[in-house]
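Structural characterization, general
This is what each chain is made of:
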Amino acid sequence: MTGYWESTEPGAGRRAPRADAVSDAAVLSLNGVWRFRLSPTADGTGAAFVADDFDDSAWDTMRVPSHWVLEEFTPLSGGPARSMRGTEEGPLYTNTAYPIPLDPPRVPAENPTGDYRLVFGVPAGFGPAVLRFQGVDSCAKVWLNGRELGWSTGSRLPFEFDAPVRPGRNVLAVRVHRWSAGTYLEDQDMWWLPGIFRDVELLARPTSGAIDDHFVHAGYDPATGLGTLRVDCPVDAVVEIPELGVLMPAGRTASVAVEPWSADSPRLYRGVLRSDGEAVDLAVGFRRVEIVDGVFTVNGRPVKFRGVNRHEHHPDTGRTLDRATMIQDIVMMKRANVDAVRTSHYPPHPEFLRLCDEYGLWVVVECDLETHGFIYAGWDGNPPADPAWRDAVMDRLHRTVERDKNHPSVVIWSLANESWTGETFGEMERWLRERDPSRPVVYERDPSYRNSDFYSLMYPSLDLLEQIGRHEEPTPAGISADEDARRRALPFLLIEYAHAMGNGPGSLSDYWRILSTHDRICGGFVWEWIDHGYNAVADDGTPFVMHGEDVDYEPSGRRFCLDGLVFSDRTPTPGLVELAKAYEPVSITVGSAVTIANARHSASTDDLVFRWTLEDDETPRASSALAVPPLGPGETVELPLPAGATGHAGRGDLVLTVEAALADDTVWADAGHVVAWGQTLLTSTPARAPRPAPPGRAVTVDDGEVAVGEAVFDAVSGRLRRLGALELDGPWLDLHRAPTENDHGQGAINDIASVWRKTALHRMLHRTDAVSAGDGWLRVAGRTAPRTHPHGVAWTMLWTEDDDGVALEATADFVGPWADTPYLHRDVWVPRLGLLFALPGGVERAEWFGRGPGETYVDSFEGSRIGRYARTVDDLQVPYPVPQENGNHVQTRWLQLTGPDLPCLRVVGEPHFDFTARRWTSVALQEARKPHDLVDSGRVWLNLDHAQQGVGSASVGPALPERYRIPRERTVWRVRLGAV
Ligand code: GAL
């Protein structure tokens, strides 16, 4: 049996798409508690449920809007109402693969279908009405009072029907299919979440003067400062913008002096469009979007998107978001210096765009179209290339553009994501040029870029991006010379970069340095804003964050849904701290002078106050306001170092920080919020010369132990056993870390974690070959090597007595074939070169001077200032929902670890070291599947490392740049340890 849900038509009976509008006509929200029954096939509960008097009292209740797979109701298998999370009936996560056979437009007979019913009252005199669904996934058929209104696909797009309601009792019946032909156009990398997941509303329509649509054309001429305004509308209406003195008929053009709209100065002029039947709110932002000589500009100035890709996600309600959550996203973005959003990969709830107009974010709105899974058929039958799908594809574009055309924040239309090529893209482009010539178009996946105003890529390496910036990139395969010539003249838009999966991404500042340097590049969008994990509870009641692997279903996108800058509950990750630094709109460079550059698009710096602080590792020494003249966009000033900050003698590192903060409260942050900062070291600690090991004699204490000053060692293993009154063990040479998501690479590409596992880096065997000692020194030599393989590291550790305790000089020599290993034919890059110690479990607190307070790695520390910080050992752990390496601190000058009744362990770098401290080993961290698998081992495991490799973003991206790896060469480093 087949039916409308398997038709390549987009729907039937619907009204023409139109602008989203806030009108004074009556609106009846139909959100609330509906009746619901799930059935296994598209037949649903049968034909009877549409009847007025159908008895639904035995049915489940269902919140609308919601995704039924995230709610509690009677499962298909029967039994009491419960949540389907974690089961095949619940949310399913795939990345590129369709969860149904690739057999377009047919779908399986097993097609979970939800029948919904709502009885609602309509006040007398409500008038003619329109029924609007803002989003139903994936196909809905609708009946009102027993009469069929029509059906629709296009999950993230609104559809409307004329609704012949009657005063008093009305009955709405909606049948929603999980799978439909529309499914083939919605293969975005995200959870499959059926249901009526956005608002349902009954809109009263005036009998005369109904403003069914309107189109605001608000241009701006940067040369004259004049805005032009014309509002088109199908009925006689008047445009009123009191602030501008505009009062004119719709269709007429006014020319007025205005302040233009931009993301950093989101100037809106509010007014109304009034007919004799209704008044529609206007929020007009004047701007001109234009590509000039291959440079993307707004209002005549180049734009650099400091962007993120945003999916709609909530850990309890999926893609059903309330307004407060939308505001939370925007406020967090603005505070992190993000000024642009790509609505990956579908139009968001319309309220989000209203908020973007108001708060100020550049927006790339993407059509709800992705056919990625056709890759499994070699792109055979790809819908954009098949005329049978033309109407469905065009329908999606029409509904996107018509709904969102009036938002000043929307500056680019994106035709689709990852849908390869096809003639329909040409038609989409042609229609758009006609309908909305005011905005350019992007489509990334067609290598000819013939329908795109931008050249675009995802996840290029730093080197390739640099080449692109210089117009020196290689020609994509399979395109003609003409196409290539056209492509080379286009601006470049980095639609996705820096895959924020797990710990990372690294190199955010490296990317930004390139993005900001080249005129051709108009910025980029980090993948992605938020993890898509769900709150779930294990059988024993332990809460956890559910991802694709927690559902027993194939295909699965596994953990790739957890790749956000904020966790699923919107807690910022360390990646967001790093991004805020990379995206600073004002750059502050402190060196022999203070250089301040305003990199904003159009706002001056007169909303900012500047301040400097001088600190050493104990206290702030001095602090004061810094007078900075207001800088217009693009302006730079160089100021001498503040007088009060110079001439201080340094006991150790003396750090000068200059920061810019908001002078006054804004809608997105309070006065005092720091927008940008820069730091420099005025003096730094000189490295101490290592003490040469004096010839001497071994001192046997007793029981096979040897002492060097207050340090007592095992005479056979050479490991440290006591430091003063502190019992400890170690060090072991440590070359391992619990792989991060990025260490696993993408499939077989860049999977360095499997190389580590195959060479058993996590299970190294340690051998001590020689322990020699004399007066005040001890030398231990040995070898640390994996099982099976011939390579290893030969090391020596030379301990000498020191004023503060003992100094350790470690030497590591990589021996054997680490490069192009005989068995793997791969290079083994070690993720860490350092020293592991076991400390008493009573250690509770770490205090250090270095980068902080959050975790830092060699390719992601620029957002963390040098300063003095204190954290508990527990708070040093970053709770990634998939356990992995975390909590490192680079450039640590000194570290103190304390606990009740324990001597304080003090470690001093010569000059710096990396540290991590945790209650479990990195092997336990590697083996854990969930945070709650990690249990206190009874000890604190402290790594004092010479280096740890960077985090990168190879989970979907280039290999970790070589400069962030650890060279396999003879390495010598020093630390000093003492117990106080
Ligand atoms: C891109 C895609 C995104 C996401 C990302 C990896 O190719 O557009 O939707 O899948 O890769 O997480």
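Counting restarts for each chain: residues are numbered from 1 in the order of the written sequence. Thresholds applied to this predicted model are a pLDDT of at least 70 for local features of residues and 80 or more for the giving and counting of side-chain atom pairs; totals over whole chains, interfaces and linings are not thresholded and use all residues. Heavy atoms throughout the structure, all of them, feed into the side-chain values; hydrogens and water do not.

Our next topic: the overall build of the chain. The helix and strand tally for the chain stands at ten helices and 59 strands. Each radius of gyration is computed over the set of C-alpha atoms, and the globule rule expresses the reference value as 2.2 Å times the number of residues to the power 0.38. For 980 residues, the compact-globule estimate of 2.2 N^0.38 gives 30 Å, and the chain sits close to it at 31 Å. In terms of overall dimensions, the chain has a C-alpha envelope of 105 × 70 × 60 Å along the principal axes. The classification of residues rests on relative accessible area computed with a 1.4 Å probe and restricted to protein chains. Under 20% of the type maximum is buried, over 50% is exposed, and intermediate values are partly exposed. Burial analysis of the chain (980 residues in total) assigns 61% to the buried set. In the chain, the share of contacts with a sequence separation of at least 24, taken over all contacts with a separation of at least 6, comes to 73%. Accessible surface for the chain amounts to roughly 35,200 Å². Of this, 51% is attributable to carbon and sulfur atoms. Charged side chains in the chain number 96 positive and 139 negative. The centres of these two groups are separated by 1 Å. The helix and strand labels rest on DSSP assignments: H or I over at least four residues marks a helix, E over at least two residues marks a strand, and numbering proceeds from the N terminus. Every residue pair with non-hydrogen atoms within 4.5 Å of one another is taken to be in contact. The protein chains shown are the only cover counted for residues, whose accessible areas, like all others here, come from Shrake-Rupley with a 1.4 Å probe. Here Asp and Glu are counted as negative and Lys and Arg as positive; His is not counted, and neither are the chain ends. Here the site of a charge means atom NZ of a Lys, CZ of an Arg, CG of an Asp or CD of a Glu.

Turning to empty space enclosed by the protein, a few remarks are in order. Space inside and on the surface of the protein is sampled on a 1 Å grid over the protein atoms alone, with a cavity defined as a set of points where a 1.4 Å probe fits but cannot get out and a pocket as an open set with protein on both sides within 12 Å along at least 5 of 7 lines; lining residues have an atom within 4 Å of a point. Grid points are joined across faces, edges and corners, and a volume is the space filled by probe spheres set on the points. Applying the stated rule across the entire model yields six cavities of 30 Å³ or more. Volume-wise, the largest cavity comes out at about 60 Å³. A breakdown of the residues in the lining of the largest cavity according to their chemical character gives six nonpolar, four polar and two charged. In terms of domain composition, the lining of the largest cavity takes at least three residues from each of domain 3 (291–580) and domain 5 (705–979). Any residue outside Ala, Val, Leu, Ile, Met, Phe, Trp, Tyr, Cys, Pro, Asp, Glu, Lys and Arg is labelled polar, Gly included; the first ten of those are nonpolar and the last four are charged. In this document the domain limits rely on a domain assignment from an automatic tool or a database.

Next up on the list: helix α7 (residues 508–517). The buried count for α7 comes to seven of ten residues, which makes it a mostly enclosed element. Looking only at α7, the buried set comprises Leu-508, Ser-509, Asp-510, Tyr-511, Trp-512, Ile-514 and Leu-515. If you follow the buried residues of α7, they end up packed against β28 (305–309), α5 (462–469), β34 (492–497), β35 (521–526) and α8 (574–582).

Summary of the distance rule: residues count as near a molecule or strand when at least one heavy atom falls within 4 Å of that molecule or strand. By nearness alone, every residue bordering the ligand is listed as Asn-95, Asp-189, His-345, Asn-417, Glu-418, Met-458, Tyr-459, Glu-496, His-499, Trp-527, Asp-563 and Val-956. Polar contact is defined as a pair of N or O atoms within 3.5 Å, subject to the rule that within protein one atom must be able to donate a hydrogen and the other to accept it, and that residues adjacent in sequence are counted only when both atoms are side-chain atoms. In the model, an oxygen atom of the ligand is placed 2.4 Å from a nitrogen or oxygen of the Glu-418 side chain. Between an oxygen atom of the ligand and a side-chain N or O atom of Asp-563, the distance comes to 3.0 Å. Here the ligand, which alone exposes 300 Å², has 94% of that area covered by the protein. Residues of the shell around the ligand, tallied by class, amount to four nonpolar, four polar and four charged.

A word on the layout of surface pockets. Taken as a whole, the largest pocket encloses approximately 990 Å³ of empty space. Trp-512, Ser-516, Ala-582, Glu-584 and Ser-587 are, among the 40 residues lining the largest pocket, the residues nearest its centre. Elements with a contribution of two residues or more to the lining of the largest pocket: β26 (295–298), β27 (301–302), α7, β35, α8, β38 (586–590), β39 (593–598) and β44 (674–683).

Aromatic pairs are defined between Phe, Tyr and Trp rings, using the six-membered ring for Trp, whenever the two ring centres lie within 6.5 Å; interplanar angles under 30 degrees are classed as stacked, those over 60 as edge-to-face, and all others as tilted. Overall, the coordinates contain 35 aromatic pairs when judged by the stated rule. Ring centres 5.7 Å apart and planes at 40 degrees place the aromatic pair Trp-848 and Tyr-869 in the tilted group. Placement of the pair is Trp-848 in strand β54 (residues 845–852) and Tyr-869 in strand β55 (residues 865–872), with a sequence separation of 21 residues. What makes Trp-848 buried here is its relative accessible area of 0%. Of the residues examined, Tyr-869 reaches a relative accessible area of 15% and is grouped as buried. Members of the aromatic cluster, connected to one another through ring pairs, are Trp-34, Phe-36, Trp-68, Phe-73 and Tyr-116. We note Arg-156 situated over the ring of Tyr-346; from NZ or CZ to the ring centre the distance is 5.2 Å. Whether a charge sits over a ring comes down to the Lys NZ or Arg CZ being within 6 Å of the ring centre and within 35 degrees of the ring normal. For Arg-267, the ring lying beneath its charged end belongs to Tyr-269, and the centroid distance is 4.1 Å.

When a carboxyl oxygen of Asp or Glu lies within 4 Å of a side-chain nitrogen of Lys or Arg, that pair is called a salt bridge. Taken as a whole and judged by the stated rule, the model has 89 salt bridges. Notably, a salt bridge pairs Arg-435 with Glu-402, separated by 2.7 Å at the nearest N-O pair. Of the two residues, Arg-435 sits in helix α4 (residues 423–435) while Glu-402 sits in helix α3 (residues 390–404), which places them 33 residues apart along the sequence. Classification of Arg-435 by relative accessible area gives partly exposed; the value is 29%. Taking the relative accessible area as the measure of exposure, Glu-402 reaches 7% and is therefore buried. Within this structure, Arg-15, Arg-18, Arg-132, Glu-160, Asp-162, Glu-201, Arg-205, Asp-212 and Glu-278 form a network of salt bridges that share partners.

It is worth spelling out a nonpolar patch on the surface at this point. Distance thresholds for patches are 9 Å for like charges and 5 Å for nonpolar side chains (Val, Leu, Ile, Met, Phe, Trp, Tyr), applied to residues having over 30% relative accessible area and no salt bridge. A surface patch of nonpolar side chains, about 290 Å² in accessible area, is lined by Leu-102, Ile-375 and Tyr-376. Structurally, Tyr-376 is set in the loop between β30 (362–366) and α3. In this structure Tyr-376 comes out as exposed when scored by relative accessible area, which is 55%.

Secondary-structure assignment places Lys-581 in helix α8. Taking the relative accessible area as the measure of exposure, Lys-581 reaches 16% and is therefore buried. What Lys-581 contacts, discounting residues up to four positions off in sequence, is Trp-677, Gly-678, Glu-862 and Gly-863.

To continue, consider the sheet that holds strand β2 (residues 27–29). By this definition, two strands are paired if DSSP reports at least two bridges between them. Pairing is antiparallel across the open sheet formed by four strands, whose spatial order is β2-β17-β9-β13. Of all the strands in the sheet, just β2 and β13 (159–163) have a single pairing partner and so form its edges. The mean inter-strand angle of the sheet, taken between neighbouring strand axes irrespective of direction, is 20 degrees. Judged from the three bridges that link them, β2 and strand β17 (residues 200–204) form a sheet pairing that is antiparallel. To get an axis, a line is fitted to the C-alpha atoms, and for a helix only the part in contact is used. The angle between two axes follows their N-to-C directions and goes from 0 to 180 degrees.

A few words on the nonpolar core. The tendency in soluble globular proteins is for nonpolar side chains to be buried as a group. Among the buried residues, those of types Ala, Val, Leu, Ile, Met, Phe, Trp, Tyr and Cys that are joined through side-chain atoms within 4.5 Å form a nonpolar core. By size, the foremost hydrophobic cluster in this structure holds 177 residues, and its most contacted members are Phe-305 and Ile-596. Among the elements that take part in this core, helix α1 (residues 323–335) stands out by supplying six residues, more than any other. Counting 58 residues, the second-largest nonpolar core is a separate cluster that includes Leu-726, Trp-795, Trp-848 and Phe-913.

A pair of packed helices is characterised by two quantities: the angle between their axes and the separation of those axes. Between α3 and α4, the least distance of the axes is 10 Å, while the angle of their chain directions is 30 degrees. Overall, the two elements α3 and α4 adopt an arrangement that is roughly parallel. For the element pair α3 and α4, the recorded crossing hand is right-handed. In this structure, α3 contributes Arg-390, Val-393, Met-394, Leu-397, His-398, Val-401 and Glu-402 to the contact, and α4 contributes Thr-424, Glu-427, Met-428, Trp-431, Leu-432 and Arg-435. Split by residue class, the contact of α3 with α4 holds seven nonpolar, two polar and four charged. Note on angle classes: values under 35 degrees are labelled roughly parallel, values over 145 roughly antiparallel, values of 65 to 115 roughly perpendicular, and the remainder oblique. Left-handed describes a crossing in which the near helix is turned anticlockwise from the far one by less than a right angle; the clockwise case is right-handed.

This next bit is on a negative patch on the surface. A cluster of acidic residues, Glu-88, Glu-110, Asp-552 and Glu-554, forms a negative patch at the surface. Along the polypeptide, Glu-88 turns up in the loop between β6 (82–83) and β7 (92–94).

On to the domain arrangement of the chain, then. Interface size is commonly expressed as the accessible surface area that is lost when the partners come together. Along its sequence, the chain is organised into domain 1 (4–204), domain 2 (215–288), domain 3 (291–580), domain 4 (589–683) and domain 5 (705–979). Inter-centroid distance (C-alpha atoms) of domain 2 to domain 4 is 40 Å.

Another aspect to go through is the sheet that holds β38. Here three strands make up an open sheet; going across it, the order is β38-β39-β42 and the pairing antiparallel. Sheet topology places β38 and β42 (636–640) at the edges, where each strand pairs with a single neighbour. Ignoring which end each strand starts from, the neighbouring axes of this sheet average 15 degrees apart.

Tracing the backbone through its elements, the reader meets His-372 in the loop between β30 and α3. Looking at His-372, its side chain comes within polar contact range of the side chain of Glu-370, at 3.0 Å. Setting aside anything within four residues of it in sequence, one finds His-372 in contact with Thr-96, Tyr-98, Asp-187, Trp-379 and Glu-418.

With that out of the way, let us pick up the packing of α5 against α7. As a packed pair, α5 and α7 sit with axes 9 Å apart at the nearest point and diverge in direction by 10 degrees. Comparing the axis directions of α5 and α7 gives the class roughly parallel. Residues Leu-462, Leu-465 and Glu-466 of α5 form the contact with α7, whose participating residues are Asp-510, Tyr-511, Ile-514 and Leu-515.

Scored between 0 and 100, pLDDT is the confidence that the predictor attaches to each residue. Overall, the predicted model of the chain reaches an average pLDDT of 96, with 98% of residues at or above 70. Predicted confidence is poor over residues 692–697, with pLDDT under 50, and the contacts of this stretch with residues over four places away or in other chains come to 13 contacts.

A few words on unusual backbone geometry. A negative phi holds for most residues other than glycine; trans holds for most peptide bonds. Ser-344 connects to His-345 through a cis peptide bond whose omega is -10 degrees. You can see His-345 is positioned in the loop between β29 (340–342) and α2 (350–359). Here Gly-730 and Pro-731 are connected by a cis peptide whose omega angle stands at 0 degrees. Inspection of the secondary structure assignment puts Pro-731 in strand β48 (residues 726–734). Even without being a glycine, Thr-788 presents a positive backbone phi close to 75 degrees.

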